[in-house]
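# Observations on chain architecture
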Amino acid sequence: MPAVEISAGRIHYSERGEGPAVVLLHGLLMNQTQWDAVIGKLPEGFRYIRPELPLGSHPEPLREDADLSMRGLNQLIADFLAALDLHDVTLVHTDWGGSLFLTAYGLDERVGRMIVLPCEAFTNFPPGLPGKTVTAAAYLPGALTLGLKQLRIPWLRSSPLLFGWMARYPLSDELVHGWTEPGLRDKRIQRDMLKYGKSKRPKAELIANTEALRNFRGEALILWSSAGKVMPREHGRRLAQIIPRARLVEIDDAYVLSMIDQPDAVAAAMSEFLTEAVIESE
């Protein structure tokens with residue numbers, strides 16, 4: 001897997017194809033394999049890039065002094081796009097919603113379009129029972145290690161406190177083992193994630209930073225799930241209302257991880273949005 005050096009450390013990523021850049025982000029305690037069921041169904045003619053963010057499943061720890069607060073992670077994404085010299089990027093958000101704040105921080109100059117799957121927004125940080133479980137674990141010695149081990153046990157990870165409300169259908173052992181291996185192997189991986197988990201996120205600031213998407217001038221596809229309790233259905237509709245050039249498409253029979261629950265439907269909606277953008281630019 002290639003990697004690029006930025007001020008925070010080395011960011012690993014995978015890529016395939018050539019053409020306009022599509023950067024697919026991932027969620028907390030997950031990595032780019034979150035997109036494995038969809039990536040092969042997306043149209044040719046694009047450069048698909050999947051970075052490994054320092055959210056607890058990344059392969060290599062970042063520098064000890066790296067700023068991994070909400071703003072720091074947004075700066076990291078902006079630095080990653082700059083390091084690869086990407087322009088007019090289609091940025092794909094899922095689960096971790098902090099990257100929606102690039103506009104609020106004035107860091108979205110390289111982002112031309114967005115696809116927003118169910119993710120944190122407004123005051124839903126941390127989201128639902130899974131988010132609150134991770135936050136509690138951040139302050140209890142040894143709790144994160146225990147939680148990673150529990151995620152490897154199918155009947156435990158199906159609990160609403162873990163991944164039970166994240167995916168409509170059971171997640172495979174192979175997938176979850178890949179997500180949990182880095183943190184169990186290297187405590188510095190946990191350290192990186194805990195920096196974000198313990199960072200301050202005032203509610204008024206979260207709302208303001210989400211509302212700043214009114215200033216995003218590119219097109220946006222809000223690809224939300226109609227089911228689930230972790231990312232409220234109404235948030236997808238609110239995002240579609242505040243982003244001036246947004247459209248809303250809802251995926252049925254899916255929770256937060258709709259790219260795993262309903263890969264065909266997610267790929268079809270993303271493909272239509274991507275190809276329409278290319279046609280309009282010609």
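Residues numbered from 1 in each chain as written. Predicted model: local features only at pLDDT ≥ 70, side-chain atom pairs only at ≥ 80, totals over all residues. Heavy atoms only, no water.

Bringing the packing of aromatic side chains into the picture now. Scanning the entire structure with this criterion turns up 6 aromatic pairs. Ring centres of phenylalanine 46 and tyrosine 48 lie 6.1 Å apart, and the angle between their planes is 40°; this geometry places the pair in the tilted category. Like phenylalanine 46, the residue tyrosine 48 is buried in the burial classification. Measuring from ring centre to ring centre gives 5.8 Å for phenylalanine 163 and tryptophan 179, while their planes differ by 85°; the resulting arrangement is edge-to-face. On the criterion of sequence distance, the pair formed by phenylalanine 163 in the loop between helix 5 (154-157) and helix 6 (173-185) and tryptophan 179 in helix 6 is long-range, its members being 16 residues apart. Residue tryptophan 179 is classed as buried on the basis of its relative accessible area, which comes to 0%. A network of ring pairs unites the aromatic residues Phe101, Tyr105 and Phe125 as a single cluster. The ring of tyrosine 169 has arginine 168 sitting right over it, with the charged end atom 5.1 Å from the ring centre. Over the ring of phenylalanine 122 we find arginine 238; its NZ or CZ atom is 3.7 Å from the centre of that ring. (Phe/Tyr/Trp six-rings, centres within 6.5 Å; stacked < 30°, edge-to-face > 60°. Buried < 20%, exposed > 50% of the residue type's maximum accessible area, 1.4 Å probe, protein only. Helix = DSSP H or I, 4+ residues; strand = E, 2+ residues; numbered from the N terminus. Lys NZ or Arg CZ within 6 Å of the ring centre and 35° of its normal.)

Considering only enclosed or pocket space, the largest pocket measures out at about 470 Å³ in volume. Along the wall of the largest pocket there are 33 residues; nearest its centre are Leu28, Leu29, Pro130, Thr133 and Val134. Counting residues per element, the ones that place at least two in the lining of the largest pocket are helix 3 (128-138), helix 4 (143-151) and helix 7 (187-197). Among the elements that make up the lining of the largest pocket, the one with the highest residue count is helix 3 (8 residues). Class assignment for the residues of the lining of the largest pocket results in 24 nonpolar, 6 polar and 3 charged. (1 Å grid on protein atoms, 1.4 Å probe; cavity = no way out; pocket = protein on both sides within 12 Å on 5 of 7 lines; lining within 4 Å. Points joined across faces, edges and corners; volume = space filled by probe spheres on them. Nonpolar A, V, L, I, M, F, W, Y, C, P; charged D, E, K, R; others polar.)

We now examine the side chain of aspartate 95. Inspection of the secondary structure assignment puts aspartate 95 in strand 5 (residues 89-95). Here aspartate 95 occupies a buried position and makes no salt bridge, while the nearest side chain of opposite charge, arginine 201, is found at 12 Å. Leaving out residues up to four positions away in the same chain, aspartate 95 has contacts with Gly27, Leu28, Met30, Pro118, Cys119, Glu120, Met166, Met231 and Val256. (Lys, Arg positive; Asp, Glu negative; His and termini not counted. Salt bridge = Lys/Arg side-chain N within 4 Å of Asp/Glu carboxyl O. Contact = heavy atoms within 4.5 Å.)

This paragraph deals with the nonpolar core. Proteins that are soluble and globular tend to have nonpolar side chains buried together. One finds Ile115, Leu223, Leu239, Leu257 and Met270 to be the most contacted residues of the largest nonpolar core, which totals 93 residues. The residues contacting isoleucine 115, other than those within four sequence positions of it, are Thr90, Leu91, Val92, His93, Leu221, Leu223, Met270, Phe273 and Leu274. (Core = buried A, V, L, I, M, F, W, Y, C linked by side-chain atoms within 4.5 Å.)

We now examine the packing of helix 6 against helix 7. Contact geometry for helix 6 and helix 7: axes closest at 4 Å, N-to-C directions at 105°. Relative to helix 7, helix 6 is oriented roughly perpendicular. Residues Pro182, Gly183 and Arg185 of helix 6 touch helix 7, and the partners they reach there are Lys187, Ile189 and Gln190. (Axes fitted to C-alpha atoms, helices over the stretch in contact; angles between N-to-C directions. Parallel < 35°, antiparallel > 145°, perpendicular 65-115°, else oblique.)

A few words on the environment of histidine 12. Locating histidine 12 in the fold gives a position in strand 2 (residues 9-16). Spatially, the C-alpha atoms of histidine 12 and alanine 136 are 28 Å apart, while their sequence positions differ by 124 residues. Contacts of histidine 12, omitting those with residues within four sequence positions, involve Met1, Pro2, Ala3, Arg50, Pro51, Glu52, Pro59 and Glu60. Within polar-contact distance, the side chain of histidine 12 engages the side chain of glutamate 60 at 2.7 Å. (Polar contact = N/O pair within 3.5 Å; in protein donor to acceptor, adjacent residues only side chain to side chain.)

Our focus in this paragraph is the sheet that holds strand 6 (residues 111-119). An order of 1-2-4-3-5-6-7-8 is seen for the 8 strands of this open sheet, with the pairing classed as mixed. At either margin of the open sheet sits one strand with a lone partner, and together these are strand 1 (3-6) and strand 8 (246-251). The average angle at which neighbouring strand axes cross in this sheet is 20°, direction not considered. Examined bridge by bridge, strand 7 (residues 219-225) and strand 8 share 6 bridges and lie parallel to one another. Along strand 8, the bridge assignment pairs leucine 223 with valine 249. Its contacts with the sheet put helix 2 (residues 70-83) on strand 1, strand 2, strand 3 (21-24), strand 4 (47-51), strand 5 and strand 6, and the angle it makes with strand 1 is roughly 115°. Most of the contacts of helix 9 (residues 233-242) go to strand 7, to which it runs at about 170°, and overall it touches strand 6, strand 7 and strand 8. (Pairing = 2+ DSSP bridges.)

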